[in-house]
Amino acid sequence: MKAVVLKGRTDGYEIKIAPTAEFKMVVIELEELLAHLAQENRTKDGILTFQITTGQRLFLPEENQQIEAVFAKYDNLKIHKISADVIRKEDALEFIEKRNIKLNGDTVRNGQVLDLQGDVLFVGQVHQGGLLRTTGSLYILGKIEGIVHAGFSDNSAAVIIGELGSAQQIRIADLVEIVADHPQENYAKKQVIYVSDLHSFERTEISELRTLRPKSFVTIGALTF
């Protein structure tokens, strides 16, 4: 499997880096590719620009510098940007903080109540008989076996996103739903649970949040569920 693959784009070229390739091989193959392209383009006017994509791989700062150094050898070849499909944990936490999403990883045990404020990304665990509630929306990546309550106590614009098939109850504002009384598909991951204009629970896809709850759509940004 090649470490470096060239693809044409309408606005230039894309260089795809194999996510499992040794970085040494990435540099070697990139040098060979650029030398060939520079030779082909030497009699032509203009500069070739490249977008470098690394998929599920994230280059270290010093690796980015090595890639840039290879391009620096050629006046007619330039990097437009280097992008990946993943981000560093530190950058994700900064992203969350800037959008006022509070990250919580607590464990809520039987008989306990965890009260929070605002929109919450929950990565902890709620045991049976435990209650997690917040005044804003809940974005759940943790394990829920108890009760979750968004929009406590009267914020019916709040939403809940997450896998809730093992929960006892879900609540938004003053509405309550017992999970065992409804089909499991009602609690599928990547579904949004919200309160409709008729003041009843409804489900939709995350992509529909842009129209349904613009503020919530902007808030979750690039978070993946």
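In the block above lies the structure referred to throughout.
Residues numbered from 1 in each chain as written. Predicted model: local features only at pLDDT ≥ 70, side-chain atom pairs only at ≥ 80, totals over all residues. Heavy atoms only, no water.

(A) Inspection of the overall build of the chain at higher detail. Scanning the chain from N- to C-terminus turns up 5 helices and 18 strands. Each of the 225 residues in the chain was classed as buried or not, and the buried ones make up 42%. Put simply, of all contacts in the chain between residues at least 6 apart along the chain, 38% involve residues at least 24 apart. Of the roughly 12,800 Å² that the chain leaves accessible, carbon and sulfur atoms contribute 48%. (Helix = DSSP H or I, 4+ residues; strand = E, 2+ residues; numbered from the N terminus. Buried < 20%, exposed > 50% of the residue type's maximum accessible area, 1.4 Å probe, protein only. Contact = heavy atoms within 4.5 Å. Areas by Shrake-Rupley, 256 points an atom, 1.4 Å probe, with all protein chains shown as cover.)

(B) How the structure looks around the pattern of salt bridges. Enumeration according to the criterion identifies 5 salt bridges in this entry. Notably, a salt bridge pairs lysine 73 with glutamate 31, separated by 3.3 Å at the nearest N-O pair. Within this pair, whereas lysine 73 is found in the loop between helix H2 (61–71) and strand E4 (77–83), its partner glutamate 31 is found in helix H1 (residues 23–41), the two being separated by 42 residues in sequence. (Salt bridge = Lys/Arg side-chain N within 4 Å of Asp/Glu carboxyl O.)

(C) Spatial organisation of the pairing of strand E2 (residues 12–17). As paired elements, strand E1 (residues 4–9) and E2 share 6 bridges and run antiparallel to each other. Residue leucine 6 lies in a different strand from E2, and its bridge partner there is isoleucine 15. As paired strands, E2 and strand E3 (residues 48–53) are joined by 4 bridges and run parallel to one another. Across the sheet, tyrosine 13 pairs through a bridge with phenylalanine 50, a residue of E3. (Pairing = 2+ DSSP bridges.)

(D) Structural detail: the packing of H1 against H2. Following both chains from N to C, one finds H1 and H2 inclined at 20°, their axes separated by 10 Å at the closest point. The angle between the axes of H1 and H2 places the two elements in the roughly parallel class. Handedness of the H1/H2 crossing: right-handed. For the pair H1 and H2, contact is made by Phe23, Val26, Val27, Leu30, Glu31 and Leu34 and by Glu63, Gln66, Ile67, Val70 and Phe71, respectively. (Axes fitted to C-alpha atoms, helices over the stretch in contact; angles between N-to-C directions. Parallel < 35°, antiparallel > 145°, perpendicular 65-115°, else oblique. Left-handed = near helix turned anticlockwise from the far one by under 90°.)

(E) Up close: the packing of aromatic side chains. In the structure shown here, the tally under the stated rule is 3 aromatic pairs. By the ring-pair criterion, three or more aromatic residues cluster together here, those being Tyr13, Phe50 and Phe71. Directly above the ring of phenylalanine 152 sits arginine 133, whose terminal nitrogen or CZ lies 4.2 Å from the centroid. (Phe/Tyr/Trp six-rings, centres within 6.5 Å; stacked < 30°, edge-to-face > 60°. Lys NZ or Arg CZ within 6 Å of the ring centre and 35° of its normal.)

(F) Up close: the sheet that holds strand E8 (residues 120–122). Sheet architecture is open: 6 strands sit in the order E5-E8-E11-E14-E17-E18, paired in mixed fashion. Looking at which strands have only one partner, the edges of the open sheet turn out to be strand E5 (102–104) and strand E18 (201–205). Strand direction decides the pairing type here: E5 and E8, joined by 3 bridges, are parallel. Counted as the bridge partner of lysine 102 is valine 120 from E8.

(G) Geometry of H2. If you check which residues of H2 are buried, you get Glu63, Ile67, Val70 and Phe71. Considered in projection along H2, the buried side chains sweep an arc of 105° and stay on one side of the axis. Away from its buried face by more than 90 degrees, H2 exposes Pro61 and Gln65. Among the structural elements, E2, H1, E3 and E4 are those in contact with the buried residues of H2. (Arc of directions from axis to C-beta.)

(H) Quick look at a nonpolar patch on the surface. Nonpolar side chains collect at one region of the surface, where Leu103, Val123 and Leu141 lie side by side and expose about 250 Å² of accessible area between them. On the secondary structure map, leucine 103 appears in strand E5. (Patch = residues over 30% accessible without salt bridge, like charges linked within 9 Å, V, L, I, M, F, W, Y side chains within 5 Å.)

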